[in-house]
Amino acid sequence: MTHVAPTTDERTDLDLVARWKAGEQRAATLLVERHASALARFLASIGARADVDEVVQDTFVRAFASIDGFRGESSLRTWLFTIARRLVLDRRRAARRRGEHVEVQEGDVATEYDALDGVVAAETRERMRGAMAALTPTQREVFVLRVNEGMSYREIAEAVDTTEGAARVHYHNAMRAIKEYLDD
Amino acid sequence: MTDCPNGEVRDALPDYLNDRLDTARRREVESHLAGCDACREELALLRTLRVTMRRAPAVNVEAIAAAIPAYRAPVRRGWSTGWRVAAAVAALAVGGTSIALLRARTSDKPVDVSPYVIGVRTPRPDPAPAAAPPSTRAVEAPTRPAPVAAPIQPVAARELAMASGSIGELSDAELSALVDDIESLDALPTADVEGAEPVSVAAPEGI
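Remember, predicted model here, so these are calculated numbers, not experimental data. Think of each chain on its own: its residues are numbered from 1, step by step along the sequence as written. Both sets of labels track the order of writing: A upward for chains, 1 upward for ligands. Under the rules for a predicted model, residues below a pLDDT of 70 receive no local features and side-chain atom pairs below 80 are neither given nor counted, while totals for whole chains, interfaces and linings still include all residues. Heavy atoms throughout the structure, all of them, feed into the side-chain values; hydrogens and water do not.

(A) Looking closely at the overall build of chain B. Helical segments are the DSSP runs of H or I of at least four residues, strand segments are the runs of E of at least two, and each set is numbered from the N terminus. Tallying secondary structure elements over chain B gives seven helices and zero strands in all. For each residue, the accessible area found with a 1.4 Å probe, counting protein chains only, is set against the maximum for its type, and the residue is called buried under 20%, exposed over 50%, and partly exposed in between. In chain B, which comprises 207 residues, the proportion classed as buried is 26%. By the convention used here, residues are in contact when the closest approach between their heavy atoms is within 4.5 Å. Look at the contacts in chain B between residues 6 or more apart in sequence, and 59% of them connect residues 24 or more apart. Only the protein chains shown count as covering a residue, and every accessible area follows the Shrake-Rupley method with a 1.4 Å probe. As presented, chain B carries roughly 14,200 Å² of accessible surface, and 58% of it is formed by carbon and sulfur atoms.

Pasting the structure below:
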């Protein structure tokens, strides 16, 4: 059984929300600074390339507009990820209705994973990119939230609209697929 | 690359990596890692993948923060206010219908119900009322002779016909004028729900 402790960030998020509701606009800016990069990373991982900045802004505007609907049962970050993911799906549906081609290109997704310069060798980086690109969209979504954002299965289930058990299966299938790719 | 049979520890590795375990659980995982090559390899792989994925596309934090409006507390209407409004609407509906029915039963005059009908337009000057003499059957009272000297205005006849449901008794000319009336009605404006601002409705004082 995994024991996930609430982070200091989660407690501070609620404090900042309370301060923003009390009229301190600076608190909203701090929340954006805290979560915008993670949201952008996640959006890039699920193939929202060109309009990441726009979707991140839309996510925050919608979240703050309906902040009274946030009960604090999950972390604010999980809630933001849920909103962001739904926005991406809505945009894809709208694009399909307009007859636009919206299929996510696996290669495009992989190119979003730029390494921090000098930390990971170029060859290793390419292999990791290839391994991530080999995952299914759902496996990649779950794996990114689990490994990159440190979300629990319960939080992932909420963010990607699935069950805790299914999130766990997707994670382990992704891990197995990555190992197989790297062993080849 | 082999898999450790201890599923619980493997499950906890991403939490360990992201420092999301409590102290006791963290020690358990570290104790396992000390003696398990497979889990150490898996943890190293997760760490590398995390670094590889870590960089995010640039976003304009200032612009995003600037787009967030100030907080507006929702105005909640009490349940008693809601019931009062519902009761008032019901009383008006029942009362209005009763008055109309009472007048219809006690009067020998033709009943002009148009004032009670919501959405019926007020009469306007008709450009060619004499082109086709309107039928008066819809408004004739049985005990009175048909009015000859003062025929009812076509628009009034149309309104009465609409209100009383006797549209089939209108002449072709009246029907044509009725269609013109309908076509001249303003269309409802389209609503842009996507960009709509929430509307704050202030509760009446004293409620």
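Still to come is the rest of the account.
(B) Just the pattern of salt bridges, in detail. Residues and elements named next belong to chain A. The working definition used for a salt bridge is a side-chain nitrogen of Lys or Arg within 4 Å of a carboxyl oxygen of Asp or Glu. Enumeration over the complete set of coordinates arrives at 22 salt bridges over all chains. Note that Asp 68 and Lys 21 form a salt bridge whose closest N and O atoms lie 3.0 Å from each other. Note that Asp 68 is positioned in the loop between helix H3 (52-65) and helix H4 (76-97) and Lys 21 in helix H1 (residues 8-21), a separation of 47 residues in sequence. Judged by its relative accessible area of 34%, Lys 21 falls in the partly exposed class. Of the charged contacts in the structure, one is a salt bridge between Arg 129 and Glu 126, with a shortest N-O distance of 2.8 Å. Placement of both Arg 129 and Glu 126 in helix H6 (residues 122-133) is noted, with a separation of three residues, approximately one turn of the helix.

(C) Geometry of the packing of aromatic side chains. Between the rings of Phe, Tyr and Trp (Trp by its six-membered ring), a pair exists once the centres lie within 6.5 Å; its type follows the angle of the planes, with under 30 degrees stacked, over 60 edge-to-face, and the other angles tilted. With the rule as written, the count across this model stands at seven aromatic pairs over all chains. A ring pair is formed by Trp 20 of chain A and Phe 64 of chain A, whose centres lie 4.7 Å apart and whose planes are at 70°; its orientation type is edge-to-face. Of the two residues, Trp 20 of chain A is situated in helix H1 and Phe 64 of chain A in helix H3; the sequence distance between them amounts to 44 residues. Exposure remark for Phe 64 of chain A: the relative accessible area of 6% places this residue in the buried category. Taken together, Trp 20, Phe 60 and Phe 64 of chain A together with Tyr 71 of chain B form an aromatic cluster joined through their ring pairs. Only when the NZ of Lys or the CZ of Arg is both within 6 Å of the ring centre and within 35 degrees of the ring normal is a charge said to sit over the ring. Positioned over the ring face of Tyr 153 of chain A is Arg 146 of chain A, at 4.4 Å from the centre of the ring.

(D) Summary view of the interface of chain A and chain B. Listed per partner, the contact involves 60 residues of chain A and 42 residues of chain B. Counting across the chain A and chain B interface gives five salt bridges. The closest approach of N and O atoms between Lys 179 of chain A and Glu 42 of chain B, which form a salt bridge, is 2.5 Å. Polar contacts, as counted here, are pairs of nitrogen or oxygen atoms within 3.5 Å of one another; within protein the pair requires one atom able to donate a hydrogen and one able to accept it, and residues that are adjacent in sequence qualify only if both atoms are side-chain atoms. Summed over the shared surface of chain A and chain B, the result is 14 residue pairs in polar contact (both at pLDDT 80 or more). For the side of chain A that touches chain B, the secondary-structure elements that each account for two or more residues are H1, helix H2 (25-45), H3, H6, helix H7 (137-148), helix H8 (153-160) and helix H9 (164-183) of chain A. Lys, Arg, Asp and Glu make up the charged group, whereas Ala, Val, Leu, Ile, Met, Phe, Trp, Tyr, Cys and Pro make up the nonpolar group; the residues left over, Gly among them, are polar. For the side of chain A that touches chain B, a count of residues per class yields 31 nonpolar, twelve polar and 17 charged.

(E) Here's a closer look at the packing of H7 of chain A against H8 of chain A. All names here are of chain A. Every axis in this analysis is a line fitted to C-alpha atoms, fitted for helices over the stretch in contact. Angles between the N-to-C directions lie between 0 and 180 degrees. For the pair H7 and H8, interaxial distance at closest approach is 10 Å and the crossing angle is 135°. On the basis of their axis angle, the class for H7 and H8 is oblique. H7 and H8 meet at a crossing whose hand is right-handed. Contacts from Glu 141, Val 142, Leu 145 and Arg 146 of H7 reach H8 at Tyr 153, Ile 156, Ala 159 and Val 160. For the contact of H7 with H8, a count of residues per class yields six nonpolar, no polar and two charged. With respect to orientation, any angle under 35 degrees is reported as roughly parallel, any angle over 145 as roughly antiparallel, any angle of 65 to 115 as roughly perpendicular, and every other angle as oblique. Helix crossings get a hand from a simple test, with the near helix turned counterclockwise from the far one by less than a right angle marking a left-handed crossing and a clockwise turn marking a right-handed one.

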